[in-house]
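The chain contents come next:
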Amino acid sequence: MSSVRRALPEDAEEVLRLRQIMIDSLFASDTSTRWHGESLPTLKTKLGESGGEFVAFVVDHPERPGALAALVAGTIDYRIGKSGDPQGKMGFVFSVATDPDARRRGYARACMQTLLEWFRTHGARRVQLTASPEAEPLYVSLGFRPKPDPLLELTL
């Protein structure tokens with residue numbers, strides 16, 4: 001299996017391609033990729049920052065040089081501390097995607113394990129994510145547990 005590595009600015013277009021695969025599989029919405037051009041400069045900058053609160057890990061596609069097989073991205077957010085988590089660092093996984101022709105090879109699991117270790121070394125005591133029904137067994141096998149959450153969202 002290819003090794004997991006931190007995504008670099010030159011991976012940005014492939015990161016967006018894999019993110020689009022994830023979006024298309026989860027949401028019955030606009031499948032347009034017009035937003036990629038506007039997102040690309042910021043993503044390249046974020047991928048170039050080594051000390052930030054954002055990280056992406058990838059696996060190179062074994063059959064297509066220059067392409068990525070898998071992606072996982074996450075952030076660490078600050079929440080006011082509480083008992084059991086006085087520093088208030090919360091990891092959040094928001095993009096996990098595998099190229100359709102590279103699935104069932106353990107790439108997403110390897111990327112997730114690397115991201116979870118990154119969260120640990122950066123002081124996150126809890127990690128949250130939203131899972132599709134197809135991906136939930138992977139996350140459960142990594143120790144995630146369903147948690148009822150009265151999440152509300154406002155689009156500005």
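Bear in mind that the values here come from a model prediction, so they are computed numbers and not experimental data.

Thresholds, definitions, all that
Residues numbered from 1 in each chain as written. Predicted model: local features only at pLDDT ≥ 70, side-chain atom pairs only at ≥ 80, totals over all residues. Heavy atoms only, no water. Helix = DSSP H or I, 4+ residues; strand = E, 2+ residues; numbered from the N terminus. Buried < 20%, exposed > 50% of the residue type's maximum accessible area, 1.4 Å probe, protein only. Contact = heavy atoms within 4.5 Å. Areas by Shrake-Rupley, 256 points an atom, 1.4 Å probe, with all protein chains shown as cover. Core = buried A, V, L, I, M, F, W, Y, C linked by side-chain atoms within 4.5 Å. Phe/Tyr/Trp six-rings, centres within 6.5 Å; stacked < 30°, edge-to-face > 60°. Axes fitted to C-alpha atoms, helices over the stretch in contact; angles between N-to-C directions. Parallel < 35°, antiparallel > 145°, perpendicular 65-115°, else oblique. Left-handed = near helix turned anticlockwise from the far one by under 90°. Nonpolar A, V, L, I, M, F, W, Y, C, P; charged D, E, K, R; others polar. Expected span 1.5 Å × (residues − 1). Polar contact = N/O pair within 3.5 Å; in protein donor to acceptor, adjacent residues only side chain to side chain.

(A) A look at the overall build of the chain. Within the chain, the secondary structure is distributed over 4 helices and 5 strands. Sequence-ordered secondary structure for the chain, helices as α and strands as β, is β-α-α-β-β-β-α-β-α. Its C-alpha atoms give the chain principal-axis dimensions of about 50 × 40 × 35 Å. Looking at the 156 residues of the chain, the share that counts as buried comes to 37%. Taking as baseline every contact in the chain between residues at least 6 positions apart, the subset at least 24 positions apart corresponds to 66%. Taken as a whole, the chain presents about 9,700 Å² of accessible surface, with 55% of it coming from carbon and sulfur.

(B) Inspection of the nonpolar core at higher detail. Within the largest apolar cluster, 22 residues are counted, with the highest numbers of intra-cluster contacts made by Val72, Val93, Val96, Met112, Leu115, Trp118 and Phe119. Those elements giving two or more residues to this core turn out to be β2 (54-60), β3 (68-78), β4 (89-98), α3 (107-121) and α4 (136-141). Beyond its immediate chain neighbours, meaning those up to four positions away, Phe119 contacts Gly74, Thr75, Ile76, Gly91, Phe92, Val93, Ala124 and Val127. Grouped together as the second largest cluster of nonpolar side chains are 17 residues, Ala7, Leu47, Ala56 and Ala73 included.

(C) A look at the packing of aromatic side chains. By the definition in use, this model includes 3 aromatic pairs. Relative to Phe144, the ring of Tyr139 has its centre 6.0 Å away and its plane inclined at 75°; by these criteria the two rings are edge-to-face. Considered together, Tyr139 and Phe144 belong to a single accessibility category, that of buried residues.

(D) Representation of the packing of helix α1 (residues 12-26) against helix α2 (residues 35-48) in the model. Where α1 contacts α2, the axes come no closer than 9 Å and their chain directions differ by 120°. As summarised for this structure, α1 and α2 are arranged oblique, according to the angle between their axes. In the crossing of α1 with α2, the sense of the turn from one axis to the other is right-handed. Residues Ala12, Glu13, Val15, Leu16, Arg17, Gln20 and Ile23 of α1 touch α2, and the partners they reach there are Trp35, His36, Ser39, Leu40, Leu43, Lys44 and Leu47. Split by residue class, the contact of α1 with α2 holds 8 nonpolar, 3 polar and 3 charged.

(E) Broad picture of the environment of Arg109. Mapped onto the fold, Arg109 is located in helix α3. The exposure class of Arg109 is partly exposed, given its relative accessible area of 33%. For the pair Arg109 and Glu136, spaced 27 residues apart in sequence, the C-alpha to C-alpha distance is 12 Å. Beyond its immediate stretch of four places on either side in the chain, Arg109 contacts Leu138, Ser141 and Leu142.

(F) Quick peek at α3. Spanning 15 residues, α3 covers 21 Å between terminal C-alpha atoms, matching the ideal 21 Å at 1.5 Å per step. Looking at α3, one finds that the buried residues are Tyr107, Ala108, Ala110, Cys111, Met112, Leu115, Leu116, Trp118 and Phe119. Where α3 is buried, its residues meet β1 (4-6), β2, β3, β4, β5 (126-129) and α4. The positive-phi residue at the C-terminal boundary of α3 is Gly123, with phi of around 85°.

(G) Highlighting the side chain of Asp11. Topologically, Asp11 is positioned in the loop between β1 and α1. Of note is the side chain of Asp11, whose polar atom sits 2.8 Å from the backbone nitrogen of Leu8. Setting aside its immediate chain neighbours within four residues, Asp11 contacts Arg5, Arg6, Val58 and Leu68.

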